[in-house]
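As a plain string of letters, each chain reads:
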Amino acid sequence: MKALLLVGSPRLGRSASETLGGYLLEQLAVRGAETEKQYIYPALKSGEKLDALISAVARANLVILAAPLYVGSLPAAVIKFLETLAQRLGAYERPDGQQFLAISNCGFPEAHHNNLALEIYRRFAYEVGFAWAGGMAMGAGEAIKGRPLAESGGMARNVIAAFDLAAAALIEGKPVPQEAQDLIARPLMPAWLYRFMGNLGWYLQARQYGTLWKLRTRAL
Ligand SMILES: Cc1cc2nc3c(=O)[nH]c(=O)nc-3n(C[C@H](O)[C@H](O)[C@H](O)COP(=O)(O)O)c2cc1C
């Protein structure tokens, strides 16, 4: 099986999307898949890279798209890329039964904010002739971004269990079981603790940049 991870975050090499998709890709590799990781943002800036990315999608048996939630929806660059795929994939020969899996993470603590984005991905998969392998939604993405899941300690245990289940199903050409989708959507930590840490992060950054007393400034 050829599995392709498309990372749809502009934070190259340090995003939650890459942490999540990267772990799943590793689990697929352990189970014998041939794996490849590509970034969407840089590909949109170069015709050559975009052509290479589209042909990588056309060759893959499983396409995994991992992206953040932006304003309750998909990042504009991801929308642009999916529209391009929809226009151009018809010109390529593709393996039978190509699967498409979406992983969406958001900054709010609750995973359900990603539901609309997952529906959009599912519609895309249907329109472009992919079998829908499922949608995996996670909240509190800022808590795990940029480092391997194994280094996030206990709070990542459900996420790891979810991807282990997902990899076992995907390698057999099956969709991700509901149990895996439910596990990844569980809160990483109590919402109050995530908000507390988030606020603390803002205050520390403001102190670092000398803007502590300007935090509530608004443009008139
Ligand atoms: C422009 C922008 C819009 C965002 N909109 C939302 C949103 O509507 N809901 C939400 O929960 N998080 C939102 N976020 C937060 C990101 O989804 C969150 O930080 C996520 O973990 C980033 O994932 P990444 O590291 O893979 O890029 C937004 C972030 C940015 C930069």
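In what follows, the structure referred to is the one given above.
Scope of this entry: the structure provided in the associated data block. This structure is a prediction, so every number in the text was calculated from the model and none was measured.

A separate point is unusual backbone geometry. A positive phi angle, near 50°, is found at valine 71, a position not held by glycine. Looking at the element boundaries, valine 71 is found in the loop between strand 3 (62–68) and helix 4 (76–88). Judged by local crowding, valine 71 falls into the exposed class, with 7 C-beta atoms found within 10 Å. Despite not being glycine, alanine 140 shows a phi value in the positive range, around 55°. Relative to the helices and strands, alanine 140 is located in the loop between strand 5 (131–138) and helix 6 (157–170).

Looking now at helix 6. With 14 residues, helix 6 should reach 20 Å at 1.5 Å per residue; the first-to-last C-alpha distance of 20 Å fits that figure. Along helix 6, the positions that sit buried rather than exposed are Val159, Ala162, Phe163, Ala166, Ala167 and Leu170. In a view along the axis of helix 6, the buried residues occupy a sector of 130°, so they form one face of it. Looking at the packing, one finds that the buried side of helix 6 touches helix 1 (16–30), strand 3, strand 5 and helix 7 (178–184).

What follows covers the sheet that holds strand 3. Taken in spatial order, the 5 strands of this open sheet run 2-1-3-4-5, and their pairing is parallel. In this open sheet, the two strands that pair with only one neighbour each are strand 2 (34–39) and strand 5. Pairwise comparison of adjacent strand axes, ignoring direction, gives a mean angle of 15° for this sheet. Inspection of the sheet shows strand 1 (residues 2–7) paired to strand 2 by 6 bridges, in the parallel sense. The residue bridging lysine 2 from the neighbouring strand is glutamate 34, located in strand 2.

Surveying the vicinity of the ligand reveals 18 residues, the closest of which are Ser9, Pro68, Cys106, Gly107 and Gly141. Considering only residue class, the shell around the ligand consists of 7 nonpolar, 8 polar and 3 charged.

Basis of the calculations
- Residues numbered from 1 in each chain as written.
- Predicted model: local features only at pLDDT ≥ 70, side-chain atom pairs only at ≥ 80, totals over all residues.
- Helix = DSSP H or I, 4+ residues; strand = E, 2+ residues; numbered from the N terminus.
- Buried ≥ 20, exposed ≤ 12 C-beta atoms within 10 Å, placed from the backbone.
- Expected span 1.5 Å × (residues − 1).
- Arc of directions from axis to C-beta.
- Contact = placed C-beta atoms within 7 Å.
- Pairing = 2+ DSSP bridges.
- Axes fitted to C-alpha atoms, helices over the stretch in contact; angles between N-to-C directions.
- Near = placed C-beta within 6 Å.
- Nonpolar A, V, L, I, M, F, W, Y, C, P; charged D, E, K, R; others polar.

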